[in-house]
Each structure stands twice: as C-alpha cells, then as structure tokens.
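What follows is the residue order along each chain.
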Amino acid sequence: MLPMLALLLLASAPHKPRVVEEPPPPPPPPSPECISSRGRTVCGFQCKTSASDLDCAQTPYGTCEVTNGGVYCWDPPRVVIHHPPRTPVSPECKSVRGKVACGFNCRLSNGEVACNNTPYGVCTTHFGKLVCWDPPESVIHEYAEATPRPWCVNASEDIACGFDCKATRTEARCASTPRGVCKLVDQQFTCFDPPSLLHCVHGGPPEPARARAR
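1. Concerning the overall build of the chain
Summing up its helical and strand segments, the chain has four helices and 15 strands in all. When the 214 residues of the chain are sorted by exposure, 34% land in the buried category. Pairs at least 24 apart in sequence give 31% of the contacts found in the chain among residues at least 6 apart. Counting every atom, the chain has about 13,700 Å² of accessible surface; 54% of that belongs to carbon and sulfur.

Below is the structure:
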C-alpha cells in the first residue's frame, strides 16, 4: 500500500519546467591597438616591443613575436583567412642563428628555418636543406578545410612537392592540384593540372583562431 501511495504522490507532484541554458555569447572581435616607443607609434594587432623595435600585425589573424632582439610580424594570405582548417591554428615565428621565419608548420634544421604560407602546405628536409611547398590558392578556394595534404618525393639531388608525385633515379615531378596527374613513360614526365572552374564568393571572415580557442 505504501509504495502505491508514494507513486500516486509522485505522479501528482507539480512538473518543473526544464531550464535550457543559453550558450555564452561569442567573444567580441579583436580591436586594433597603438603602441609608442622611442618616438615611433605603430598600430595594428598583436603589437609587440623590444629594446630597439616595435611592430604590429595588420590583421587579427596575424602574429607578432619578439626574437633575436627584434619584433617580427606576419599575416597569412587572405585565402587562409577565409578558409581556415578544421582545427584552429595560428601562425608562428621561429628563429635560429639570427634567421627568422614566420608562417605555419615552421621547421628548424641544420641552422635553417622555414615555414609554410598556409596551414595546408608541407615542409621537409632534403640534403640538409629545408623545402616548403604550398598548394595554389585556387586549390584552397575549391577544397577549403578539406584541402588534401600534399607530399614530397626526392630523387638523388632533385625534390618535388605536390600531388600524384612520381620520381626516377634522378628526377622528381608532382602535379600542383589534387585533380592533377603525372605520368612517367619511358623515363619522361608528363604532368597536367585541370583549371579550377570554381567561383568563390566570400562573406565575412570567420573569427581568428585565438578567439575560437577561448
């Protein structure tokens, strides 16, 4: 009897409406700033100063870093701003032995430093030298965040990066686009890339990676 009474009391209890929490508002877009030092004033984003230098990135998608006693700023190309990768990534600057490079996927090797101009490129080493390659802007416009990853092949002292790569003992060739093709017949290369017929129309750019990562 008691369990039945408890069920009746539970059924007759007033139903509390479910409270749906609203998502937090997006962070405000970054605002430019101005800094002054030694009689100079610069304005932009990610502004930095060193003992003898000051500078700012020109867009909220860029980066500024202090290294080797100077300030180095870099902004990605517009195609990268409008077509960011699935995983947010910000550009960076790296230095070695007085050399500085900025971009994506920065690599250090044997006193050299190099970076990609886009997050869809590839950097590798060949005979102690850094080689970086980025797909054409038309490819990034067409594939956006699904842009396939290129690769590199080498043959003796020759190296090539891109898509559908082929190599002999002494030569290497690649197509420049994912739909391209390279054929090797009788030790002769024939590579072809069909033109992109995509007409890409952009609206406003997405939030910078730093804002999305908050």
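2. Description of the nonpolar core
Membership of the largest hydrophobic core is limited to eight residues, which are Trp-74, Val-79, Val-80, Cys-93, Cys-102, Phe-104, Tyr-120 and Ile-140. Within the residue set of this core, elements represented by two or more residues are helix H2 (78-82) and strand S7 (99-109). Filtering out sequence-adjacent residues up to four positions away, Val-80 remains in contact with Phe-104, Asn-117, Thr-118 and Pro-119. The next biggest cluster of nonpolar side chains, apart from the first, holds six residues, and it includes Ala-160, Cys-165, Ala-172 and Cys-174.

3. Some details on the pairing of strand S4 (residues 63-67)
Pairing of S4 with strand S5 (residues 70-74) involves five bridges; the strand directions are antiparallel. What sits directly across from Glu-65, in S5, is Tyr-72. Linking S4 to S5, which pair antiparallel, is a turn of two residues; within it Asn-68 sits at a positive phi near 55°.

4. Considerations on the pattern of salt bridges
Counted by the stated rule, this structure contains seven salt bridges. With its nearest N and O atoms 3.7 Å apart, the salt bridge here joins Arg-86 to Glu-145. Pair noted here: Arg-86 is in the loop between H2 and strand S6 (92-96) and Glu-145 is in the loop between helix H3 (137-143) and strand S11 (151-155), with a separation of 59 residues, a long-range link. Since its relative accessible area comes to 40%, Glu-145 is described here as partly exposed. Of the charged contacts, one joins Asp-164 and Lys-166 as a salt bridge, the two residues approaching to 2.8 Å between their closest N and O atoms. Asp-164 sits in the partly exposed class, given a relative accessible area of 24%. Since its relative accessible area comes to 26%, Lys-166 is described here as partly exposed.

5. Describing the state of the cysteines
The full count for this structure, using the stated rule, is nine disulfides. At a sulfur-sulfur separation of 2.0 Å, the disulfide partner of Cys-106 is Cys-115. The S-S bond linking Cys-106 to Cys-115 shows a torsion near 110°; that makes this disulfide right-handed. Like Cys-106, the residue Cys-115 is buried in the burial classification. In this model, Cys-165 is linked to Cys-174 through a disulfide, with the two sulfur atoms separated by 2.1 Å. The sign of the 110° torsion about the S-S bond sets the Cys-165-Cys-174 disulfide as right-handed. Residue class for Cys-165 comes out buried when judged on its relative accessible area of 11%.

6. Describing the packing of aromatic side chains
Scanning all chains against the criterion turns up three aromatic pairs. Ring centres of Trp-151 and Phe-163 lie 6.5 Å apart, and the angle between their planes is 90°; this geometry places the pair in the edge-to-face category. Remark: Phe-163 occurs in strand S12 (residues 158-167) and Trp-151 occurs in strand S11; sequence separation between them is twelve residues. Phe-163 gets classed as buried once you look at its relative accessible area, which sits at 4%. Members of the aromatic cluster, each reached through a chain of ring pairs, are Trp-133, Trp-151 and Phe-163.

7. Quick word on the side chain of Thr-177
Counting through the fold element by element, Thr-177 comes out in the loop between strand S13 (172-175) and strand S14 (181-185). Within the local environment of Thr-177, its side chain forms a polar contact with the side chain of Asp-193, the two groups lying 2.7 Å apart. Excluding residues that lie within four positions of it along the chain, Thr-177 makes contacts with Val-139, Phe-163, Asp-193 and Pro-194.

About the cut-offs
Residues numbered from 1 in each chain as written. Predicted model: local features only at pLDDT ≥ 70, side-chain atom pairs only at ≥ 80, totals over all residues. Heavy atoms only, no water. Helix = DSSP H or I, 4+ residues; strand = E, 2+ residues; numbered from the N terminus. Buried < 20%, exposed > 50% of the residue type's maximum accessible area, 1.4 Å probe, protein only. Contact = heavy atoms within 4.5 Å. Areas by Shrake-Rupley, 256 points an atom, 1.4 Å probe, with all protein chains shown as cover. Core = buried A, V, L, I, M, F, W, Y, C linked by side-chain atoms within 4.5 Å. Pairing = 2+ DSSP bridges. Salt bridge = Lys/Arg side-chain N within 4 Å of Asp/Glu carboxyl O. Disulfide = S-S within 2.5 Å. Phe/Tyr/Trp six-rings, centres within 6.5 Å; stacked < 30°, edge-to-face > 60°. Polar contact = N/O pair within 3.5 Å; in protein donor to acceptor, adjacent residues only side chain to side chain.

Any functional reading would require information that these geometric values do not contain.
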